[in-house]
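# Residue-level structure breakdown
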Amino acid sequence: MFFSTIRITIPNEDGITSSVGTGFLFSIPLRQEGKSGIFLVSNKHVYGDPSKTIILNFHKRKDDIDEPDLGSIK
């Protein structure tokens, strides 16, 4: 779950403050054989105005093992 949970940041016009929310990645098979789409799912209030910039932050993976490096984001 750590690697599918995304932090969503939407900067405000002043460039100082921002809105922050979360979402998760969801893969769904498409009609074409062997193809799938990856979708970002969140609440409507997180996105707000669709004309604004959306910044996605992902958890970093530890270098030596397949675990999240909690507190570190990409």
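Before reading on, note that the structure itself is shown above.
In this report, we go over the structure that sits alongside the text. (Residues numbered from 1 in each chain as written. Predicted model: local features only at pLDDT ≥ 70, side-chain atom pairs only at ≥ 80, totals over all residues. Heavy atoms only, no water.)

### Structural notes on a nonpolar patch on the surface
- Among the surface-exposed residues, F24, F26, I28, L30, F39 and V41 lie close enough to one another that they form a single nonpolar patch of about 490 Å² accessible area.
- Those elements giving two or more residues to the nonpolar patch turn out to be β2 (18–29) and β3 (36–41).
- Relative to the helices and strands, I28 resides in strand β2.
- Note on I28: relative accessible area 34%, which makes it partly exposed. (Patch = residues over 30% accessible without salt bridge, like charges linked within 9 Å, V, L, I, M, F, W, Y side chains within 5 Å. Areas by Shrake-Rupley, 256 points an atom, 1.4 Å probe, with all protein chains shown as cover. Salt bridge = Lys/Arg side-chain N within 4 Å of Asp/Glu carboxyl O. Helix = DSSP H or I, 4+ residues; strand = E, 2+ residues; numbered from the N terminus. Buried < 20%, exposed > 50% of the residue type's maximum accessible area, 1.4 Å probe, protein only.)

### Let's talk about the sheet that holds β3
- The strand order β3-β2-β1-β4 describes an open sheet built from four strands, whose pairing is antiparallel. Of all strands in the sheet, those with a lone pairing partner are β3 and β4 (55–57), marking the two edges. Each strand of the sheet is rotated relative to its neighbour by a mean of 35°, with strand direction disregarded.
- Pairing of β2 with β3, which is carried by six bridges, proceeds in the antiparallel orientation. Looking at the pairing, S27 lines up with I38 of β3. (Pairing = 2+ DSSP bridges. Axes fitted to C-alpha atoms, helices over the stretch in contact; angles between N-to-C directions.)

### Points about the environment of K44
- By the element assignment, K44 lies in helix α1 (residues 44–47).
- Owing to a relative accessible area of 77%, K44 belongs among the exposed residues under this scheme.
- Residues K44 and F26 lie 18 residues apart in sequence; the distance between their C-alpha atoms is 16 Å.

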